[in-house]
Amino acid sequence: TIKISKEGEEEKTDFIGMFFSSYIFILALMILVLTGGQMLIRSVVEEKSNRVVEILLSSCTSNQLMAGKIIGLGLVGLTQMFVWAVVGFYFISGYTLTSINFEMMLISFVYFVLGYLFYSALFVAIGAPVNSEYEAQQVAGYVSMILVFPIAFAFLIMQNPDLYWIKILSFIPLFTPSFVVARIPIKMPALWEIIGTILVLAVSVVAMIWVAGRIFRIAILSYGKFPTFKELLAWIKTK
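Residues numbered from 1 in each chain as written. Predicted model: local features only at pLDDT ≥ 70, side-chain atom pairs only at ≥ 80, totals over all residues. Heavy atoms only, no water.

## A closer look at the overall build of the protein chain
The condition is simple: In this description a helix means any DSSP run of H or I spanning at least four residues, a strand means any run of E spanning at least two, and both kinds are numbered starting from the N terminus. Summary of the burial criterion: residues with accessible area below 20% of their type's maximum are buried, those above 50% are exposed, and those between are partly exposed, where the area comes from a 1.4 Å probe applied to protein chains only. Computed with the Shrake-Rupley method and a 1.4 Å probe, the accessible areas treat only the protein chains shown as cover for residues.
Helix and strand counts for the protein chain stand at 10 helices and 2 strands. The secondary structure elements of the protein chain, listed N-terminal to C-terminal, are β-β-α-α-α-α-α-α-α-α-α-α. Burial status across the protein chain gives 44% buried among its 239 residues. Carbon together with sulfur atoms contributes 70% to the accessible area of the protein chain, which is approximately 13100 Å² in total.

Given below as structure tokens:
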């Protein structure tokens, strides 16, 4: 592929640099969400089975407990990613520092953080009602399928980031972080797309955290079978 600058001149392309600057971000988000999400669900299952959660809720609200889990596990995951990044820069610093656009990396980091918060809230919403390790594995498997979808289409995005269906999927919160980050190194989306997708993702994060909080406050003290979708809607509407 040949890239043309705004002046109409041919630009040097570095496929390896573009590949790693986007694909590694997608993989890192998937790893962070899956590891953090599974730890979150398992901690909920353990606390519910040992009745520890009842003691915790005597000292804090359900929203405080949920926020603590999301922030705490998020910081653990980000610390792990930071260590990996430092090690990676140490071994390939001579190549990486000259090839990666740090402005693009900063924009990608914004999507990375918002994407993590969105998926963490999603994990809380569907993971709080679980009562066993088997149900926890099922929930993690469903979210894993959603996360693998952008990775499967990453090469198509890199070949033609301006396809109309790619632009449409970029505005769906489940796919926004991965799709936009994959597009940025190939061809920077228009400013309105960057602002629009960030706003959509930010609003979706707030909405998902609100939904997760409504479900978490009831599910954390609920035992027995996994609730149906109708029951989850009733929990959300309950004041």
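## Describing the packing of aromatic side chains
Using the following cut-off: Each pair of aromatic rings taken from Phe, Tyr and Trp, with Trp reduced to its six-membered ring, is defined by centres within 6.5 Å and is described as stacked if the planes are under 30 degrees apart, edge-to-face if over 60, and tilted in the remaining cases.
Summed over all chains, the structure comprises 3 aromatic pairs. Consider the rings of Phe-175 and Phe-179, whose centres lie 5.9 Å apart with planes at 50°: the pair is tilted. As far as the burial class goes, Phe-175 and Phe-179 line up, both buried.

## Focus on a nonpolar patch on the surface
In plain terms, the rule: Residues forming no salt bridge and having over 30% relative accessible area are the ones grouped into patches, like charges within 9 Å of each other and nonpolar side chains (Val, Leu, Ile, Met, Phe, Trp, Tyr) within 5 Å. We count a salt bridge whenever a side-chain nitrogen from Lys or Arg sits within 4 Å of a carboxyl oxygen from Asp or Glu.
Among the surface-exposed residues, Leu-27, Ile-31, Phe-82, Val-83, Trp-84, Val-86 and Val-87 lie close enough to one another that they form a single nonpolar patch of about 600 Å² accessible area. Positionally, Val-86 belongs in helix H3 (residues 62-99). Residue classification places Val-86 among the partly exposed residues on the basis of a relative accessible area of 44%.

## Regarding the packing of helix H9 (residues 191-219) against helix H10 (residues 229-237)
Here is the rule we go by: Simply put, an axis is a line fit to the C-alpha atoms, just over the touching stretch for a helix, and the angle between two N-to-C directions goes from 0 to 180 degrees. In what follows, roughly perpendicular refers to angles from 65 to 115 degrees, roughly parallel to angles under 35, roughly antiparallel to angles over 145, and oblique to any angle outside these ranges. Note on contacts: a residue pair qualifies if any of its non-hydrogen atoms lie within 4.5 Å across the two residues. Classes in brief: Ala, Val, Leu, Ile, Met, Phe, Trp, Tyr, Cys and Pro nonpolar; Asp, Glu, Lys and Arg charged; the others, Gly included, polar.
Put simply, H9 and H10 touch, their axes get as near as 8 Å, and they point 100° apart. By the criterion of interaxial angle, the relationship of H9 to H10 is roughly perpendicular. Where H9 abuts H10, its residues Trp-210, Val-211, Arg-214, Ile-215, Arg-217, Ile-218 and Ala-219 lie against Leu-232, Trp-235, Ile-236 and Lys-237. A class-by-class count of the residues in the contact of H9 with H10 yields 8 nonpolar, no polar and 3 charged.

## What to know about the confidence of the model for the protein chain
Short version of the rule: Per-residue confidence from the prediction method is given by pLDDT, with values spanning 0 to 100.
Mean pLDDT over the protein chain stands at 77; residues scoring 70 or higher make up 84%. Ranking the elements of the protein chain by mean pLDDT puts strand E2 (residues 10-11) last, at 61, and H9 first, at 88.

## Thoughts on the side chain of Arg-183
Within the element layout of this structure, Arg-183 appears in helix H8 (residues 176-183). The contact partners of Arg-183, leaving out residues within four places of it in the chain, are Ile-157, Pro-161, Asp-162, Ile-166, Lys-167, Ser-170, Met-188, Pro-189 and Glu-193.

## A few points about the environment of Gln-38
When you line up the elements, Gln-38 lands in helix H1 (residues 15-49). Separated by 89 residues in sequence, Gln-38 and Gly-127 have C-alpha atoms that sit 9.0 Å apart. In this view, Gln-38 contacts Val-33, Phe-123 and Ala-140; residues no more than four positions away in its chain are not counted.

## Describing the packing of H8 against H9
This is how the line gets drawn: Two helices cross in a left-handed way if the nearer one is turned anticlockwise from the farther one by less than a right angle. They cross in a right-handed way if the turn is clockwise.
Put simply, H8 and H9 touch, their axes get as near as 11 Å, and they point 160° apart. As judged from the angle between their axes, H8 and H9 are roughly antiparallel. Pair H8 / H9 crosses with left-handed handedness. In this structure, H8 contributes Thr-176, Pro-177, Val-180 and Arg-183 to the contact, and H9 contributes Glu-193, Ile-194, Thr-197 and Leu-201. Across the contact of H8 with H9, the residue classes break down as 4 nonpolar, 2 polar and 2 charged.

## Some words on the nonpolar core
As a reminder, the rule being used: Only buried residues count toward a nonpolar core. Its members are Ala, Val, Leu, Ile, Met, Phe, Trp, Tyr and Cys residues joined through side-chain atoms within 4.5 Å.
Formed by 64 residues in total, the largest nonpolar core has its most connected members in Tyr-111 and Phe-216. Every residue in contact with Phe-216, bar those within four places of it in the chain, is listed here: Val-44, Ser-62, Leu-65, Met-66, Lys-69, Val-124 and Ala-128.

## Regarding the side chain of Ser-120
Rules: Within 3.5 Å is the distance limit for a polar contact, defined as a pair of N or O atoms, with the added protein rule that one can donate a hydrogen and the other accept it, and that residues adjacent in sequence qualify only through two side-chain atoms.
Mapped onto the elements, Ser-120 comes out in helix H4 (residues 102-127). Of the polar contacts made by the side chain of Ser-120, one reaches the backbone oxygen of Tyr-116; its length is 2.8 Å.

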